[in-house]
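Residue strings, one per chain:
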Amino acid sequence: MTGTVYLVGAGPGAADLLTLRAVRLLGEADIVFHDALVPGEVLLLAGKAQRVAVGKRCGSHSTAQRFINKRRLYAAREHRFLVRLKGVDPMLFGRAHEEISFLESRNIKVEIVPGVTAALAASAEMKISLTRRGAARSVTFVTPRVGEGETPSDWARAVAVADTAVLYMAATDADAVVRALIEAGVKRTAPIVVAENVSLPGRASHAGTLADLPELVARCSGGPALILIGEVFGAAQVLAELGMLPRAASHSA
């Protein structure tokens, strides 16, 4: 027997932001391999499934990718219905290509279910469009993170030429991010927002400028965070002063 592996996006965290397909698959799954950051509320939807934590989290012990691949291969040969539940969207900085290639090369069927990515959830929470008419006609999603053996990308220049940019997995290297962006031509006064725990009860948004980034990150509680940069977030600084950003919003002059 060989089952199907469903690579499912868990969205930014809130269970009611899951797609209907994701909810159905979780309810039917025999076994669920899930990331460390997937909330318990979402995992409860996999009521009859065996749940296996295989997540990766910055600064903490994580499961090696090759071990995750092998465990899923064995499980796919024992179960007909396997879900690999990944945070936010599996096709955006989620190492999906590695997982898909590994399984398909061994004749395991793989299907993808997209999830709401954190950048769009953060935009919705702040009610600030990433592509506001007259202010932003381009958006770039980047990460400074480089895997072992990978060639560094020119991510900072991509941010510099975009009207709006969202940085994933960058908050832990705030000082280096500031230096790289300034060297690439981004102004120190560029408006930014650090959005933490997007869509979750403990969400917080901290607004300021690029020069403020280390201070804004220091205010975070340790949850997953995005860095959003662009003129559209100039309004976020005003909202922060008025205490109108979601939850623990703040502004640094």
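Up top you'll find the structure we're talking about.
Residue numbers restart at each chain and count upward from 1, following the sequence in its written direction. Where local features are concerned, this predicted model is filtered to residues with pLDDT of at least 70; where side-chain atom pairs are given and counted, the filter is 80 or more; whole-chain, interface and lining totals use all residues. Values shown for side chains rest on all heavy atoms present in the structure; no hydrogens or waters enter the calculation.

Okay, the environment of Glu 196 next. Secondary structure is summarised from DSSP: a helix means a run of H or I of at least four residues, a strand means a run of E of at least two, and numbering begins at the N terminus for each. You can see Glu 196 is positioned in strand S8 (residues 191–196). Burial status follows relative accessibility: with a 1.4 Å probe on protein chains alone, a residue under 20% of its type maximum counts as buried, one over 50% as exposed, and anything between as partly exposed. With a relative accessible area of 2%, Glu 196 lands in the buried category. Between the C-alpha atoms of Glu 196 and Ala 225, which are 29 residues apart in sequence, the distance is 4.2 Å. Beyond its immediate stretch of four places on either side in the chain, Glu 196 contacts Gly 202, Arg 203, Ala 204, Cys 220, Ser 221, Gly 222, Gly 223, Pro 224 and Ala 225. Within 3.5 Å is the distance limit for a polar contact, defined as a pair of N or O atoms, with the added protein rule that one can donate a hydrogen and the other accept it, and that residues adjacent in sequence qualify only through two side-chain atoms. A polar side-chain atom of Glu 196 sits 2.7 Å from the main-chain amide nitrogen of Gly 223. In this description, contact between two residues means that some pair of their heavy atoms is separated by no more than 4.5 Å.

Phi is positive for Met 169, which is not a glycine, with a value near 50 degrees. By the element assignment, Met 169 lies in the loop between strand S7 (164–167) and helix H7 (174–184).

The subject of this paragraph is the sheet that holds strand S3 (residues 50–53). Paired through backbone hydrogen bonds, the strands of a sheet run either parallel or antiparallel to each other. Pairing in this open sheet of five strands is parallel, and the strands run S3-S2-S4-S1-S5 from one edge to the other. Among the strands making up the open sheet, the edge pair consists of S3 and strand S5 (109–113). Here the strands of the sheet are splayed against their neighbours by 20 degrees on average, with no regard to which way each runs. Where strand S2 (residues 31–34) lies against strand S4 (residues 81–86), four bridges are found, and the strand directions are parallel. DSSP-based pairing: two strands are paired if at least 2 bridges between them are found. Only the stretch in contact is used when fitting a helix axis, every axis being a line fitted to C-alpha atoms; angles between N-to-C directions are given from 0 to 180 degrees.

The next point concerns the packing of helix H3 (residues 65–76) against helix H4 (residues 96–104). Direction vectors running N to C along H3 and H4 enclose 40 degrees, while the axes themselves pass 10 Å from each other. As summarised for this structure, H3 and H4 are arranged oblique, according to the angle between their axes. Where H3 crosses over H4, the two elements pack in a sense that is right-handed. Along the contact surface, H3 presents Gln 65, Asn 69, Lys 70, Arg 72 and Leu 73, while H4 presents Glu 98, Glu 99, Phe 102 and Leu 103. For the contact of H3 with H4, the residue count by class is three nonpolar, two polar and four charged. In what follows, roughly perpendicular refers to angles from 65 to 115 degrees, roughly parallel to angles under 35, roughly antiparallel to angles over 145, and oblique to any angle outside these ranges. Crossing handedness is defined as follows: a turn of the near helix away from the far one that is anticlockwise and smaller than a right angle gives a left-handed crossing, while the clockwise case is right-handed. Basically, the charged four are Asp, Glu, Lys and Arg, the nonpolar ten are Ala, Val, Leu, Ile, Met, Phe, Trp, Tyr, Cys and Pro, and anything else, Gly included, counts as polar.

Ranked by size, the top nonpolar core spans 25 residues in total, and within it Trp 155, Val 159, Leu 167, Leu 181, Val 194, Leu 213 and Ile 229 carry the most contacts. Among the secondary structure elements, those contributing two or more residues to this core are helix H6 (155–161), S7, H7, S8, helix H8 (213–218) and strand S10 (225–230). Of the residues forming this core, the biggest block, five residues, is contributed by H7. Discounting chain neighbours no more than four positions away, the residues touching Leu 213 are Ala 174, Val 177, Val 178, Ile 192, Val 194 and Ile 227. Side-chain atoms within 4.5 Å link the members of a nonpolar core, which is a set of buried Ala, Val, Leu, Ile, Met, Phe, Trp, Tyr and Cys residues.

Taking 1.5 Å as the rise per residue, H3 with twelve residues should run 16 Å; its terminal C-alpha atoms sit 16 Å apart, in good agreement. Looking only at H3, the buried set comprises Gln 65, Ile 68, Asn 69, Arg 72, Leu 73, Ala 75 and Ala 76. Within H3, the buried residues cover an arc of 165 degrees as seen down the axis, which keeps them to one side. Facing away from the buried surface of H3 by more than 90 degrees, the exposed residues are Arg 66 and Tyr 74. Where H3 is buried, its residues meet strand S1 (4–9), S2, S4 and H4. Each residue after the first adds 1.5 Å to the expected span of a helix. Taken from the helix axis, the directions to the C-beta atoms give the arc we talk about.

Our focus in this paragraph is the pairing of S10. Both faces of the sheet carry side chains from a regular strand, because those side chains alternate between them. Burial within S10 is extensive, with six of its six residues counted as buried. What you see with S10 is no split at all: Ala 225, Ile 227 and Ile 229 on one side and Leu 226, Leu 228 and Gly 230 on the other are buried throughout. Looking at chain direction, S8 and S10 are connected through five bridges and run antiparallel. Bridging across to S10, Ile 192 finds its partner in Ile 229.

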